[in-house]
Amino acid sequence: MQSVETPMLKPSAAARVRASSRWRGFGRIVLFFVILAVVAAGLHAVISGGLRRITTSKFGAINAWMVERVNSDIIINGSSRALVHYDPRVIARETGLSAYNLGMNGIQIDVQAGILDAYLSRNKAPAVILQNLEAFSFETTRRGEIYDPGVYVPYLSKSEPLYQTLLAIDPDVWKWKHVPLYGYAVPDMRFTWALGVLRWFSYEGRQDYFDGFNPRHVQWTQDFESFRHSVSAGVTYRIEPKGVAALERCLQLAQLHGAVMILVFAPEYREMQKLEKNRLDIFEHFTELAAKYGTEFWDFSDSSLSHDHAYFYNSQHLNARGAELFSEEIALHLRNFLETRKGTPTSK
């Protein structure tokens, strides 16, 4: 019987085959991750592009000045109190000057400075900036506590001032900008990415922002009574050196761009003011900073609105009716202020 012998490779040839096989496997793994990275980068671009195309609500308000240009004569900057207190339509009607509201929910003074810087880097310098203040204006954002992170991700590659501001607060922000989908998938718990995708299918949501102003058609609740009961000894707000520096950055930005910044404390419910233990100290800082930068500090703590909770929906925020009345009140102040100054901007 004839035996069949299996041909044997020489040892060196077998090693070359095994090495070649390993390299082919490695190459396939690399190719897999390259394709994955390209797909992730593409999805990130699609989501961000969709969010930058939205023309309504929160993203619409930001896109108006971040993607397009608003170039308004009067700018309102601040947190949610700015957002819901100042109606630019009323201010424009009473002063004859264009106005826009940059206010955003949940942002402290350090982020407010970054928003203002980003605006001024992309738009014509306004004649006047109304910087709204809160009792907690000198408290800054802690690492890991940037509110609503998904709202910033589409703009980090478009605005260096905004990116650098957020990066200084939280070093992990570099991942939001440079790691595809990270900013939408990890820190953002609101599924903001879905809005970006839906925009490519022409869905935008309803319009509830008007020149950046977000009126709240809601009424006073009993939440404040529960809050007052829980803090019967009063509340103390931090006066952080970094918070003072951030407000100074706002004042310096205004000076750098030739704008007049007016510090404004919008109405706050009177009963809440009584709970703020270091309120006088905080207001002394406001007054000192206004004097240091040669500008004005308008305090509406004693406005008639502050004494009636019918104009608020909580202790810090006016409802739509209260905002309309306050906007008329501050527009009158502003008109008188502008009329007494040399070089009053020309009405459009």
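For the structure given in this document, a descriptive report is provided here. For clarity, every value in this text was computed on a predicted model and none was experimentally measured. (Residues numbered from 1 in each chain as written. Predicted model: local features only at pLDDT ≥ 70, side-chain atom pairs only at ≥ 80, totals over all residues. Heavy atoms only, no water.)

## Here we look at the overall build of the protein
No. 1: A tally of helices and strands in the protein yields 14 helices and five strands.
No. 2: The globule rule puts the C-alpha radius of gyration for 348 residues at 20 Å, and the 27 Å found for the protein is more than 25% above it.
No. 3: In terms of its C-alpha atoms, the protein occupies a principal-axis envelope of roughly 115 × 50 × 40 Å.
No. 4: A burial count over the protein gives 49% of its 348 residues as buried.
No. 5: Considering only contacts in the protein between residues 6 or more positions apart, those separated by 24 or more positions represent 81%.
No. 6: Both charge centroids of the protein, one from 38 positive and one from 36 negative side chains, sit 13 Å from each other. (Helix = DSSP H or I, 4+ residues; strand = E, 2+ residues; numbered from the N terminus. Rg over C-alpha atoms; globule rule 2.2 N^0.38 Å. Buried < 20%, exposed > 50% of the residue type's maximum accessible area, 1.4 Å probe, protein only. Contact = heavy atoms within 4.5 Å. Lys, Arg positive; Asp, Glu negative; His and termini not counted. Charge placed at Lys NZ, Arg CZ, Asp CG, Glu CD.)

## A short note on the sheet that holds strand β1 (residues 74–77)
No. 1: With respect to topology, five strands assemble into an open sheet ordered β2-β1-β3-β4-β5, the strand pairing being parallel. Each edge of the open sheet carries a strand with a single partner, namely β2 (99–101) and β5 (297–299). Between one strand and the next, the sheet's axes are offset by a mean angle of 20°, whatever the strand orientation.
No. 2: Seen against the sheet, helix α11 (residues 241–256) touches β1, β3 (128–132) and β4 (260–265) and runs at an angle of roughly 145° to β4. (Pairing = 2+ DSSP bridges. Axes fitted to C-alpha atoms, helices over the stretch in contact; angles between N-to-C directions.)

## A closer look at the packing of helix α5 (residues 109–122) against α11
No. 1: Running from amino to carboxyl end, α5 crosses α11 at an angle of 20°, the nearest separation of the two axes being 8 Å. Looking at the two axes, α5 sits roughly parallel to α11. When you trace α5 past α11, the crossing you get is left-handed. Between α5 and α11, the contacting residues are I109, D110, A113, G114, L116, D117 and L120 on the first element and G243, A246, L247, R249, C250 and L253 on the second.
No. 2: Looking at the contact of α5 with α11 residue by residue, the class counts come to eight nonpolar, two polar and three charged. (Parallel < 35°, antiparallel > 145°, perpendicular 65-115°, else oblique. Left-handed = near helix turned anticlockwise from the far one by under 90°. Nonpolar A, V, L, I, M, F, W, Y, C, P; charged D, E, K, R; others polar.)

## Regarding the pattern of salt bridges
No. 1: Overall, the coordinates contain 23 salt bridges when judged by the stated rule.
No. 2: As a salt-bridge pair, R238 and E240 come within 2.7 Å of each other at their nearest N and O atoms.
No. 3: We classify R238 as partly exposed; its relative accessible area is 35%.
No. 4: Here the salt bridges share partners, and the residues they tie into one network are R93, E94, E328 and R335. (Salt bridge = Lys/Arg side-chain N within 4 Å of Asp/Glu carboxyl O.)

## Some thoughts on α11
No. 1: Across its 16 residues, α11 extends 22 Å between first and last C-alpha, which sits within 8% of the 22 Å expected from 1.5 Å per residue.
No. 2: Its buried side turned inward, α11 meets β1, α5, β3, β4 and α13 (279–292).
No. 3: One or two residues past the end of α11 sits G258, with phi positive at roughly 75°. (Expected span 1.5 Å × (residues − 1).)

## What about the pairing of β1?
No. 1: Neither face of β1 is open: one carries I74 and I76, the other I75 and N77, and all of them are buried.
No. 2: Both β1 and β3 contribute to a ladder of four bridges, which runs parallel. Counted as the bridge partner of N77 is Q131 from β3.

## Points about unusual backbone geometry
What is expected of a backbone is that most residues other than glycine have negative phi and most peptide bonds are trans.
No. 1: At S57, a residue that is not glycine, the phi angle is positive and equals roughly 55°.
No. 2: Turning to its location among the elements, S57 is positioned in helix α2 (residues 57–66).
No. 3: With a phi angle near 75°, L181 is a residue other than glycine that sits in the positive phi range.
No. 4: By secondary structure assignment, the location of L181 is in the loop between α7 (173–178) and α8 (182–185).

## Here's the deal with the side chain of D87
No. 1: Summarising the element assignment, D87 is placed in the loop between α3 (80–85) and α4 (88–95).
No. 2: With relative accessibility at 7%, the residue D87 sits in the buried group.
No. 3: Excluding its chain neighbours within four sequence positions, the residues that come into contact with D87 are F213 and S327.

## Remarks on the packing of aromatic side chains
No. 1: For the structure shown, the criterion picks out 17 aromatic pairs.
No. 2: When the centroid spacing of 5.5 Å and the interplanar angle of 80° are considered together, the rings of F224 and Y269 count as edge-to-face. Here the residue F224 occupies a position in helix α10 (residues 223–230), and Y269 occupies one in the loop between β4 and α12 (270–273), the gap between them amounting to 45 residues.
No. 3: A residue is classified by how much of its surface remains accessible, and F224, at 4% relative accessible area, is buried. (Phe/Tyr/Trp six-rings, centres within 6.5 Å; stacked < 30°, edge-to-face > 60°.)

## A word on the nonpolar core
No. 1: The biggest cluster of nonpolar side chains holds 91 residues, and the ones touching the most others in it are Y86, L130, Y152 and L334.
No. 2: Per-element tally for this core: the top contributor is α5, with eight residues.
No. 3: Among residues more than four places away in sequence, those in contact with L130 are I74, I75, I76, N77, Y86, I262, V264, I330 and L334. (Core = buried A, V, L, I, M, F, W, Y, C linked by side-chain atoms within 4.5 Å.)

## What to know about the pairing of β3
No. 1: Across the five residues of β3, five count as buried, placing the element largely inside the fold.
No. 2: Both β3 and β4 contribute to a ladder of five bridges, which runs parallel. Across the sheet, the residue bridging to V128 is V260, located in β4.

## Quick look at a nonpolar patch on the surface
No. 1: On the surface, a nonpolar cluster with roughly 530 Å² of combined accessible area is contributed by W23, F26, V30, V34 and V38.
No. 2: With respect to the helices, strands and loops of the structure, W23 is situated in helix α1 (residues 11–53). (Patch = residues over 30% accessible without salt bridge, like charges linked within 9 Å, V, L, I, M, F, W, Y side chains within 5 Å. Areas by Shrake-Rupley, 256 points an atom, 1.4 Å probe, with all protein chains shown as cover.)

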